[in-house]
Amino acid sequence: MKKVMLLLAVVFFCAAAPTWALDNGLARTPPMGWNSWNKFGCNVSGKLIREMADAMVSSGMKAAGYQYIVIDDCWQVKRDANGNIVPDPKRFPSGMKALADYVHSKGLKFGLYSDAGTATCQNRPGSRGYEFQDARQYAAWGVDYLKYDWCNTSTQNVQASYAIMRDALKASGRPIVFSICEWGVDDPWKWAADIGNLWRTTGDITDCWDCTGVYTRGVMQILDQEADLWSYAGPGHWNDPDMLEVGNPGLSLEESRAHFSLWAMLAAPLIAGNDLRSMPADIREILTNKEVIAVDQDPLGHQGQRYRDYGDTEVWSKELAGHAEAYLLLNRSQTPREISLYVGKGKRVRDLWKHEDLGPFADGFFRARVVPHGVVMVKVLAK
Ligand code: GLA
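Position numbers for residues count from 1 along each chain, tracking the sequence in the order it is written. Where local features are concerned, this predicted model is filtered to residues with pLDDT of at least 70; where side-chain atom pairs are given and counted, the filter is 80 or more; whole-chain, interface and lining totals use all residues. Excluding hydrogens and water, the side-chain values take into account all heavy atoms of the structure.

## Re the sheet that holds strand S8 (residues 198–200)
Strand order in the open sheet made by the 8 strands is S11-S8-S7-S6-S5-S2-S1-S12, with parallel pairing throughout. Edge strands, defined here as strands with exactly one partner in the open sheet, are strand S11 (238–240) and strand S12 (270–272). Averaged over neighbouring strand pairs, the angle between their axes works out to 25 degrees when direction is ignored. Two strands are counted as paired when DSSP detects at least two bridges linking them. Runs of H or I in DSSP of at least four residues are treated as helices and runs of E of at least two as strands, each being numbered from the N terminus. Pairing of strand S6 (residues 145–149) with strand S7 (residues 177–180), which is carried by 4 bridges, proceeds in the parallel orientation. Opposite Tyr145, over in S7, you have Val177 as the bridge partner. Lines fitted to C-alpha atoms define the axes here, with helix axes fitted over just the stretch in contact, and angles between the N-to-C directions of these axes take values from 0 to 180 degrees.

## Looking at the packing of helix H8 (residues 219–226) against helix H9 (residues 253–265)
Between two packed helices, the angle of one axis relative to the other and the distance separating the axes together describe the packing. Following both chains from N to C, one finds H8 and H9 inclined at 15 degrees, their axes separated by 11 Å at the closest point. Judged by the angle between their axes, H8 and H9 are roughly parallel. In this structure, the crossing between H8 and H9 has a hand that is left-handed. Residues Val219, Met220, Ile222 and Leu223 of H8 lie in contact with H9, whose contacting residues are His259, Leu262 and Trp263. Here the term charged refers only to Asp, Glu, Lys and Arg, the term nonpolar to Ala, Val, Leu, Ile, Met, Phe, Trp, Tyr, Cys and Pro, and the term polar to all other amino acids, Gly among them. Of the residues in the contact of H8 with H9, the class split is 6 nonpolar, 1 polar and no charged. In these notes the angle categories are as follows: under 35 degrees is roughly parallel, over 145 is roughly antiparallel, 65 to 115 is roughly perpendicular, and the rest is oblique. Handedness of each helix crossing follows the sense of rotation of the near helix against the far helix: counterclockwise by less than a right angle gives left-handed, clockwise gives right-handed. The contact criterion used throughout is that any non-hydrogen atoms of two residues lie within 4.5 Å.

## Examining the pairing of strand S1 (residues 32–35)
Think of it in three bands: with a 1.4 Å probe and only protein chains considered, a residue is buried below 20% of the maximum accessible area for its type, exposed above 50%, and partly exposed in between. Side-chain alternation along S1 places Met32 and Trp34 on one buried face and Gly33 and Asn35 on a second face that is also buried. Inspection of the sheet shows S1 paired to S12 by 3 bridges, in the parallel sense. Bridge pairing in S12 places Met32 opposite Leu270. Where S1 meets strand S2 (residues 68–70), 3 bridges bridge the pair, whose relative direction is parallel. Residue pairing for S2: Asn35 is matched across the bridge by Val70.

## As for H9
Here the expected length of a helix is defined as 1.5 Å per residue gap, with one fewer gap than residues. Under the 1.5 Å per step criterion, the end-to-end length of H9 is 18 Å for 13 residues, consistent within 8% with the ideal 18 Å. With 11 of 13 residues buried, H9 lies mostly within the body of the structure. Count one or two residues on from H9 and you reach Ala267, which has phi positive near 50 degrees.

## Structural notes on the site of the ligand
The near set for a molecule or strand comprises every residue that places at least one heavy atom within 4 Å of it. Close to the ligand lie Trp37, Asp72, Asp73, Tyr113, Cys121, Gln122, Lys147, Asp149, Cys181, Trp183, Arg200 and Asp204, which account for all nearby residues. Contact distances for the ligand include 2.7 Å between an oxygen atom and a side-chain N or O atom of Lys147. Between the ligand and Asp204, the relevant distance is 2.5 Å, taken from an oxygen atom to a side-chain nitrogen or oxygen of the residue. Here the open area of atoms and residues is found with the Shrake-Rupley method and a 1.4 Å probe, where only the protein chains shown may cover a residue. Here the ligand loses 94% of its free accessible area of 310 Å² to cover by the protein chains. With respect to the pocket detection grid, the ligand is positioned in the largest pocket. Partitioning the shell around the ligand into residue classes produces 5 nonpolar, 1 polar and 6 charged. In protein, a polar contact requires one atom able to donate a hydrogen and another able to accept it; more generally it is a pair of N or O atoms within 3.5 Å, and residues adjacent in sequence count only if both atoms are side-chain atoms. The definitions used throughout rest on a 1 Å grid laid over the protein atoms alone, on which a cavity is an enclosed set of points accommodating a 1.4 Å probe that cannot get out and a pocket is an open set flanked by protein within 12 Å on both sides along at least five of seven lines; lining residues are those having an atom within 4 Å of a point. Being in a pocket or cavity means that more than half of the molecule's atoms lie within 2 Å of its grid points.

## A few points about the state of the cysteines
Counting rule for disulfides: a pair of cysteine sulfur atoms within 2.5 Å. Applying the stated criterion across every chain yields a total of 3 disulfides. Two residues share a disulfide in this structure: Cys42 and Cys74, whose sulfurs sit 1.8 Å from each other. Pair noted here: Cys42 is in the loop between helix H2 (37–40) and helix H3 (46–58) and Cys74 is in the loop between S2 and strand S3 (76–79), with a separation of 32 residues, a long-range link. Cysteine pairing for the chain, with bonded cysteines counted in sequence order: 1-2, 3-4, 5-6. Cys121 provides the cysteine sulfur closest to Cys181, a residue in no disulfide bond, and the two sulfurs are 6.8 Å apart.

## Some details on the pattern of salt bridges
We define a salt bridge as a contact between a side-chain nitrogen of Lys or Arg and a carboxyl oxygen of Asp or Glu at a distance within 4 Å. Under the definition given, this model contains 22 salt bridges. Salt-bridge contacts for Arg277 lead to Asp275; the nearest nitrogen and oxygen are separated by 2.9 Å. Residue Arg277 is classed as partly exposed on the basis of its relative accessible area of 38%. Residues joined by salt bridges that share partners form a network here, namely Lys47, Glu51, Asp275 and Arg277.

## A few points about the sheet that holds strand S15 (residues 324–331)
With antiparallel pairing, 6 strands are arranged side by side in an open sheet as S13-S14-S15-S20-S17-S18. Both outer strands of the open sheet, strand S13 (305–309) and strand S18 (356–358), are each paired with one neighbouring strand and no more. The mean angle between the axes of side-by-side strands here comes to 30 degrees, regardless of whether they run parallel or antiparallel. Examined bridge by bridge, S15 and strand S20 (residues 374–380) share 7 bridges and lie antiparallel to one another. Within S20, the residue paired with Leu330 across the bridge is Val375. Strands in contact with H9 are strand S14 (313–320), S15 and S20; relative to S20, the strand with the most contacts, it is inclined by about 40 degrees.

## Side note on the domain arrangement of the chain
These domain boundaries are the output of an automatic or database domain assignment. In terms of domains, the chain is made up of domain 1 (32–296) and domain 2 (305–381). Here the C-alpha centre of domain 2 lies 31 Å away from the C-alpha centre of domain 1. Taken residue by residue, the interface counts 24 residues in domain 1 and 23 residues in domain 2. Accessible area that two parts lose when put together, evaluated with a 1.4 Å probe and summed over both, is termed the buried area. For the domain 1 and domain 2 pair, buried surface summed over both sides reaches about 2,000 Å², with 69% attributable to carbon and sulfur atoms. Between Glu291 and Arg350 there is a salt bridge, with its nearest N and O atoms 2.9 Å apart. Between domain 1 and domain 2 we count 9 residue pairs in polar contact (both at pLDDT 80 or more) in total. Listed by contribution, the elements that provide at least two residues to the side of domain 1 that touches domain 2 are H8, H9, helix H10 (281–287) and helix H11 (290–296). The leading source of residues in the side of domain 1 that touches domain 2 is H9, at 9 residues.

Here you go:
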């Protein structure tokens, strides 16, 4: 019996925990930045990217830890006679090197998007067959981050396809964060840790709280898909529940706050997807909440877990460095709910949205009234 238990434990451990991880030294905490797709789709240009880099600095987002400015699909139009990828000359008249230099001059990092197939999801040229040439080009331009999609891949082997670009990026000699985007179709959490720094786990996020489209998912749907994947995340290799919709029109302010808090509990990449140039102050406060960001960026790199499931309400927990713990109380329902959490007699908690210390609590229970589609997020204090 003991032997069987031991065998089961070994099998479980081998299946659950990646035994090695991509050794490029990058993304030791979940990457933070901005990406053009959620808000701008194909409407990208050098002007937009420069303005976004400026706004990243002036809004305080850079100071809060955001680094990468990533152009998603549609920056590329064709290949030249030598097979070199060509940026849209009308939309990016200065070319990519000058644009990357501008982003770098702001103390930020620069990212691009490509696809493992013959064409991107918007039918621009993909990298299939050009992986090493593209990686050399990205490095020459000063690219620091590559998001690599999975459209138009026909019968390609997924692991082999992503491994080619991993090797090409390595051969380029430039440190480039490698963001795998195959939508969780082939369980990338089981094989991607030694290939990429992060991997998408779901279809595309959209700016709604609770909805499912053909290819798109709401915040709650994505949360549920992520919930069981916690054992696969860690420094240098993260589950990616997709970019943030904070500040986009389909989410209320409370929903944006909940979405951001949940992503921090999940140790998710925090890649903003709104227009940083025209953010209202309350959205900026969400995206730059340093106490919540610190939970996401905690050096232990643990992904939070659903700790209690009461149906419409839930409690999530995340272990932090120094034997600390963050908790999030989530109300999925349409009416206010009281949610309680036993933290221990004499214990105090820090409310990470009110920026206040609360407690101690006579019976050891922290109780909070949580608004519909809202969260309360706390850290248990040592004393
Ligand atoms: C896919 C990805 C999205 C985005 C688009 C661009 O749908 O999942 O995140 O990059 O392609 O075409």
